[in-house]
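# What the coordinates show
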Amino acid sequence: MQVNRQTCQRCKSINVRNILRREPNRPTVVYVRCANCLELVAYYELSNYYHHGKGIESYLRAHGMHANDSGRRWLADFKRIQDNAVAGYEEVLEQLTEQNKNV
Ligand SMILES: [Zn+2]
């Protein structure tokens, strides 16, 4: 496993902000902006966005679903993503700690 912190290529800062763009029927897009020099650091489209602590309603909305469309599959997906997010987060933090980069 390789773990990196996102770094601005212009000024080498790791202090970044995520700007999320949501539009109907389009994947959520993230623009990563350097908080130091304001340069664009990265752009990516999300196919499986999960925002920890916001619950399943937010998850369904982010995937273009509405609560009344939901079923067991969506609930199972949400729980799987939530578990993966929490477990994966702990793993990458452990890795960063080993690299003395957990800041
Ligand atoms: Zn920068």
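For the structure itself, consult the block above.
All chains use their own residue numbering, which begins from 1 and follows the written sequence. The model is predicted, so local features are restricted to residues of pLDDT at least 70 and side-chain atom pairs to those at 80 or more, both for listing and for counting; the totals for chains, interfaces and linings are taken over all residues.

### Examining unusual backbone geometry
Trans is the common state for peptide bonds, and a negative phi is the common state for residues other than glycine. Heads up, the rule is: Helix and strand definitions here come from DSSP, where helices need a minimum of 4 consecutive H or I residues and strands a minimum of 2 consecutive E residues; each element is numbered from the N-terminal end. Here a residue counts as buried when 20 or more other C-beta atoms sit within 10 Å of its C-beta, as exposed when there are 12 or fewer, and as partly exposed otherwise, the C-beta atoms being derived from the backbone.
Located in the positive-phi region is K12, a residue other than glycine, with phi close to 70 degrees. One non-glycine residue, L38, lies in the positive phi region at around 70 degrees. By the element assignment, L38 lies in the loop between β2 (29-34) and β3 (40-45). A residue is classified by how many C-beta atoms lie within 10 Å of it, and L38, with 12 of them, is exposed.

### Topic: the environment of Y43
Along the polypeptide, Y43 turns up in strand β3. Taking the C-alpha atoms as reference points, Y43 and N18, 25 residues apart in sequence, are found 9.4 Å from one another.

### A word on the environment of C11
Residue position: C11 is located in the segment before β1 (16-21). Sequence separation between C11 and A76 is 65 residues; the distance between their C-alpha atoms is 42 Å.

### Considerations on the sheet that holds β1
For clarity, the threshold we go by: Here, a strand pair is defined by DSSP locating no fewer than two bridges between the strands. Comment: axis = line fitted to C-alpha atoms, over the contacting stretch for helices; angle = value between 0 and 180 degrees taken between N-to-C directions.
The sheet built from three strands is open, its strands ordered β1-β2-β3 with antiparallel pairing. Strand pairing shows two members of the sheet lacking a second neighbour, β1 and β3, which therefore form its edges. With strand direction ignored, the average angle separating the axes of adjacent strands in the sheet is 20 degrees. Both β2 and β3 contribute to a ladder of five bridges, which runs antiparallel. Bridging from a neighbouring strand, V32 pairs with A42 of β3.

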